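Residue strings, one per chain:
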Amino acid sequence: ALPISAKEQAERERIAREQAAREQADRERAEQAAAIGKVVDEYIIKIRAKIRHNIIMPANVANEARAEFSVTLLPGGGVLQAKLLRTSGSELYDSAVERAILKSDPLPLPPDVKLFNRFRNLKLSFKPVE
């Protein structure tokens, strides 16, 4: 093997340092993304719980009925719009869920306003038994 020059050695070390720095930055981004994901998941659970609490259950709704809504929020958690995306098959249940969404205004949001874009447009589904 040919001996490597000091210049080549320095270049190899620089490349290794850059690679290590990139890997560290990737790890930090992954950890931050996981932390943000955890906060988002916690608040989706809080939002669903608040809405679920406000659903006034109509009689005779099948347990497997599932209503899916697109909910558009304002900063601060105000409900701008609740739009039915997929009917549960029960008009009464769909309406009960929509009323519950509107009654739940404002919905809980994380204090970090930078996370609002994760909540501006939510797709939420509800079943009578969950």
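Fair warning: this is a prediction, and the values are worked out from it, not measured in the lab.

Reading the values: the criteria
Counting restarts for each chain: residues are numbered from 1 in the order of the written sequence. For a predicted model such as this one, the threshold for reporting local features is a pLDDT of at least 70, and the threshold for listing and counting side-chain atom pairs is 80 or more; totals across whole chains, interfaces and linings nevertheless cover every residue. Note: side-chain values were computed over all heavy atoms of the structure, leaving out hydrogens and water. Paired strands, in this sense, are two strands between which DSSP finds at least two bridges. Helical segments are the DSSP runs of H or I of at least four residues, strand segments are the runs of E of at least two, and each set is numbered from the N terminus. Geometry is summarised by axes, namely lines fitted to C-alpha atoms with helices restricted to the contacting stretch, and by angles between N-to-C directions that run from 0 to 180 degrees. By definition in these notes, contact holds between two residues if any of their heavy atoms fall within 4.5 Å. In a helix, the anticipated span is given by 1.5 Å times the number of residues less one. Relative accessible area decides the class of each residue, using a 1.4 Å probe on protein chains only: under 20% of the type maximum gives buried, over 50% gives exposed, and in between gives partly exposed. Among buried residues, the Ala, Val, Leu, Ile, Met, Phe, Trp, Tyr and Cys ones that are joined through side-chain atoms within 4.5 Å form a nonpolar core. Whenever Lys or Arg places a side-chain nitrogen within 4 Å of a carboxyl oxygen from Asp or Glu, that contact is recorded as a salt bridge.

**Student:** Whenever I open this one, the sheet that holds strand S3 (residues 121–126) confuses me. Can you help?
**Tutor:** Pairing between the strands of a sheet comes from backbone hydrogen bonds, and it takes one of two forms, parallel or antiparallel. What the 3 strands build is an open sheet, ordered S2-S1-S3; its pairing is antiparallel. The open sheet is flanked by strand S2 (79–86) and S3, the only strands paired with a single partner. Pairwise comparison of adjacent strand axes, ignoring direction, gives a mean angle of 25° for this sheet. The sheet contact formed by strand S1 (residues 67–73) and S3 spans 6 bridges and is antiparallel. Directly across from Ala67, in S3, lies its bridge partner Phe126. Contacts between helix H2 (residues 91–103) and the sheet are confined to S1, S2 and S3, with S1 contributing the most and set at about 25° to the helix.

**Student:** Teacher, can you tell me more about H2 here?
**Tutor:** Note that an α-helix has 3.6 residues per turn; residues three or four places apart therefore point the same way. Between its terminal C-alpha atoms H2 stretches 18 Å, which fits the 18 Å expected from 13 residues at 1.5 Å a residue. In this structure, the buried residues of H2 make contact with helix H1 (6–53), S1, S2 and S3.

**Student:** Help me understand the pairing of S1 in this model?
**Tutor:** Where a strand is regular, its side chains alternate between the two sheet faces. Most of S1 is tucked away: 7 of the 7 residues are buried. Along S1, one buried face is formed by Ala67, Phe69, Val71 and Leu73 and the opposite face, lined by Glu68, Ser70 and Thr72, is buried too. Relative to S2, S1 runs antiparallel, the two sharing 6 bridges. Residue pairing for S2: Glu68 is matched across the bridge by Arg86. The loop that links S1 with its antiparallel partner S2 comprises 5 residues; one of these, Gly76, has a positive phi angle of about 100°.

**Student:** It is not clear to me how the nonpolar core should be interpreted in this structure. Could you clarify?
**Tutor:** Across soluble globular proteins, nonpolar side chains have a tendency to be buried as a group. With 26 residues, the main nonpolar core has Ile51, Val71, Leu73, Ile101 and Phe119 as its most contacted residues. Listed by contribution, the elements that provide at least two residues to this core are H1, S1, S2, H2 and S3. For this core, the element with the highest residue contribution is H2, accounting for 5 residues. Setting aside its immediate chain neighbours within four residues, Ile51 contacts Ala100, Ile101, Ser104, Leu107, Leu124 and Phe126.

**Student:** What am I meant to see in the pattern of salt bridges here?
**Tutor:** Close approach of charged atoms lets side chains of opposite charge pair. By the definition in use, this model includes 5 salt bridges. The residue Arg66 makes a salt bridge to Glu68 at a minimum N-O spacing of 2.8 Å. Residue class for Arg66 comes out partly exposed when judged on its relative accessible area of 26%. Of the charged contacts in the structure, one is a salt bridge between Lys114 and Asp112, with a shortest N-O distance of 3.9 Å. A relative accessible area of 71% places Lys114 in the exposed class. Classification of Asp112 by relative accessible area gives partly exposed; the value is 34%. A single salt-bridge network, built from bridges that share partners, covers Glu11, Arg14 and Glu18.

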